[in-house]
Amino acid sequence: MSVGVELDKLLEVAAGFRTVPLLLTTDDDGRPRASAVSVTWEGEVATIRAGHRSVANADRRPLVSLLWPAPPDERFALFVDGGVEGTAPDPAEEGPKAGGYVTMRATKAVLHVVGRPH
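Residues numbered from 1 in each chain as written. Predicted model: local features only at pLDDT ≥ 70, side-chain atom pairs only at ≥ 80, totals over all residues. Heavy atoms only, no water.

Q: Got a minute to help me understand the overall build of the chain in this structure?
A: The helix and strand inventory of the chain stands at 2 helices and 8 strands. The C-alpha radius of gyration of the chain comes to 14 Å, within 12% of the 13 Å expected for a compact globule of 118 residues. Principal-axis analysis of the C-alpha atoms places the extent of the chain at approximately 45 × 30 × 20 Å. In the chain, which comprises 118 residues, the proportion classed as buried is 36%. (Helix = DSSP H or I, 4+ residues; strand = E, 2+ residues; numbered from the N terminus. Rg over C-alpha atoms; globule rule 2.2 N^0.38 Å. Buried < 20%, exposed > 50% of the residue type's maximum accessible area, 1.4 Å probe, protein only.)

Here it is in structure tokens:
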């Protein structure tokens, strides 16, 4: 079961999670990739600090999602789908494995029930 989250309430809902968000991207071979990230919001636009592979994936395939897993004592996980508006290297890092930033505009958000018997 999922419950929609209005995008104008997304920042408030995301701030209430006590788990580390994951950026979901797709590798060149089509495999999904989940990486722990940090996220800041300005309205419906997220700036995501991610590793080099996640940034490259987001640059090549601009449909991504964020997932906040449900905390151990909670029933809901938060999923946010969005489109990448841009990527950038982190100026504080150098080299081929330097991380960077993904800018994503949220298009849909849901709270999804987890741990429910089937």
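On we go from here.
Q: Could you clarify how one ought to interpret the pattern of salt bridges in this entry?
A: Inspection of the entire model under this criterion finds 8 salt bridges. A salt bridge links Asp-90 to Arg-49; its shortest N-O distance comes to 3.1 Å. Taken together, the positions of Asp-90 in the loop between strand S7 (76-89) and strand S8 (100-113) and Arg-49 in strand S5 (residues 45-50) put the pair 41 residues apart, joining distant regions of the chain. Given a relative accessible area of 22%, Arg-49 falls into the partly exposed group. With a shortest N-O distance of 2.2 Å, Arg-49 and Glu-93 are connected by a salt bridge. (Salt bridge = Lys/Arg side-chain N within 4 Å of Asp/Glu carboxyl O.)

Q: Where do I start with the packing of aromatic side chains in this structure?
A: The geometry of an aromatic ring pair comes down to the distance between the two centres and the angle between the two planes. Tallied over the entire structure, the rule returns 1 aromatic pair. An angle of 25 degrees between the planes, with centres 6.4 Å apart, marks the rings of Trp-41 and Trp-68 as stacked. Placement of the pair is Trp-41 in strand S4 (residues 38-42) and Trp-68 in strand S6 (residues 63-68), with a sequence separation of 27 residues. The lysine or arginine in question, Arg-49, covers the ring of Tyr-101, its NZ or CZ lying 5.7 Å from the ring centre. (Phe/Tyr/Trp six-rings, centres within 6.5 Å; stacked < 30°, edge-to-face > 60°. Lys NZ or Arg CZ within 6 Å of the ring centre and 35° of its normal.)

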